[in-house]
Amino acid sequence: GAGVSQSPSNKVTEKGKDVELRCDPISGHTALYWYRQSLGQGLEFLIYFQGNSAPDKSGLPSDRFSAERTGGSVSTLTIQRTQQEDSAVYLCASSFPRTGGGYTFGSGTRLTVV
Amino acid sequence: AQRVTQPEKLLSVFKGAPVELKCNYSYSGSPELFWYVQYSRQRLQLLLRHISRESIKGFTADLNKGETSFHLKKPFAQEEDSAMYYCALADSWGKLQFGAGTQVVVTP
């Protein structure tokens, strides 16, 4: 596609429910990243996929968070048993490998846990 | 440890005045530094990277390894420069660590 696509753009969920956020990277971009943007916390790294290598999950805040990337393309970030502190904008970005930080970002999914 | 510091949360300047956004970093390797910008209701986008040594929208940033800084500058601010600016550092795998961001408000 022309850009990084994320869905849904907005999600309101009840505390305790599970949510899935989707990211469709730019075709040919083998590197994919998830970040979280929240007030007072800035941009927080969550997870990084690069080709067929094991993902770097070092930024996931708890075991309620998980992500997968199928076929080296689409990625899904899953949050189980959502809490109010999970409310944030979840951003996905993709790049060619080793472009050294020159990412293209999606427009994000705004998650609100009520 | 890798760290990016943007000391100013908010920078308010008048149109036509110079603007400088501060960014300091700590990194044990050879740093690759970036400035990203997020305009209101738009997605985060790359503004410039130190390796390119380019000027984008009148902005420049010079990497100073001695002072471990990568400040963003523009000699004459415009109203359309009002946005959130993030300094970021890439590790050897290309993973970015962002600073907390600086909100720039340019008033006429």
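Anything mentioned here points back to the structure above.
Here the structure is a predicted model, which means the values were calculated and not measured.

**Student:** Before we go on, may I ask you to explain the pattern of salt bridges in this structure?
**Tutor:** For side chains bearing opposite charge, pairing can occur when the charged atoms are close. All names here are of chain B. Scanning all chains against the criterion turns up 7 salt bridges over all chains. Between Lys-73 and Glu-20 there is a salt bridge; the shortest N-O distance is 3.8 Å. Taken together, the residues span a long stretch of sequence, with Lys-73 in strand 8 (residues 72-74) and Glu-20 in strand 3 (residues 19-21) at a distance of 53 residues. Judged by its relative accessible area of 40%, Lys-73 falls in the partly exposed class.

**Student:** Please clarify how the nonpolar core should be interpreted in this entry.
**Tutor:** In summary, soluble globular proteins display a tendency toward joint burial of nonpolar side chains. Residue and element names in this part refer to chain B. Core analysis: the largest hydrophobic core is formed by 24 residues, its most contacted members being Leu-21, Trp-35, Leu-47, Leu-48, Leu-72 and Tyr-85. Listed by contribution, the elements that provide at least two residues to this core are strand 2 (10-14), strand 3, strand 5 (32-38), strand 6 (45-49), strand 9 (83-90) and strand 11 (102-107). Here the element with the most residues in this core is strand 9; it accounts for 4 residues. Residue contacts for Leu-48: discarding those within four places in its chain leaves Phe-34, Trp-35, Glu-54, Ile-56, Phe-59, Thr-60, Ala-61, Phe-70 and Leu-72.

**Student:** Looking at this structure, how should I read the side chain of A:Ser95?
**Tutor:** Summarising the element assignment, A:Ser95 is placed in strand 8 (residues 88-95). In this structure A:Ser95 comes out as buried when scored by relative accessible area, which is 1%.

**Student:** Honestly, the sheet that holds strand 6 (residues 65-69) of chain A in this entry has me stumped. Any pointers?
**Tutor:** Strand-to-strand pairing in sheets goes through backbone hydrogen bonds, with the strands running parallel or antiparallel. Residue and element names in this part refer to chain A. As summarised here, the arrangement of the 4 strands in space is 1-3-7-6, forming an open sheet in which the pairing is antiparallel. The two strands at the open ends of the sheet, each matched to only one other strand, are strand 1 (5-7) and strand 6. Neighbour-to-neighbour, the strand axes of this sheet turn through a mean angle of 15°, independent of strand direction. Both strand 6 and strand 7 (residues 75-79) contribute to a ladder of 5 bridges, which runs antiparallel. Within strand 7, the residue paired with Ser-66 across the bridge is Thr-78.

Quick notes on the rules
- Residues numbered from 1 in each chain as written.
- Chains lettered and ligands numbered in written order.
- Predicted model: local features only at pLDDT ≥ 70, side-chain atom pairs only at ≥ 80, totals over all residues.
- Heavy atoms only, no water.
- Salt bridge = Lys/Arg side-chain N within 4 Å of Asp/Glu carboxyl O.
- Helix = DSSP H or I, 4+ residues; strand = E, 2+ residues; numbered from the N terminus.
- Buried < 20%, exposed > 50% of the residue type's maximum accessible area, 1.4 Å probe, protein only.
- Core = buried A, V, L, I, M, F, W, Y, C linked by side-chain atoms within 4.5 Å.
- Contact = heavy atoms within 4.5 Å.
- Pairing = 2+ DSSP bridges.
- Axes fitted to C-alpha atoms, helices over the stretch in contact; angles between N-to-C directions.

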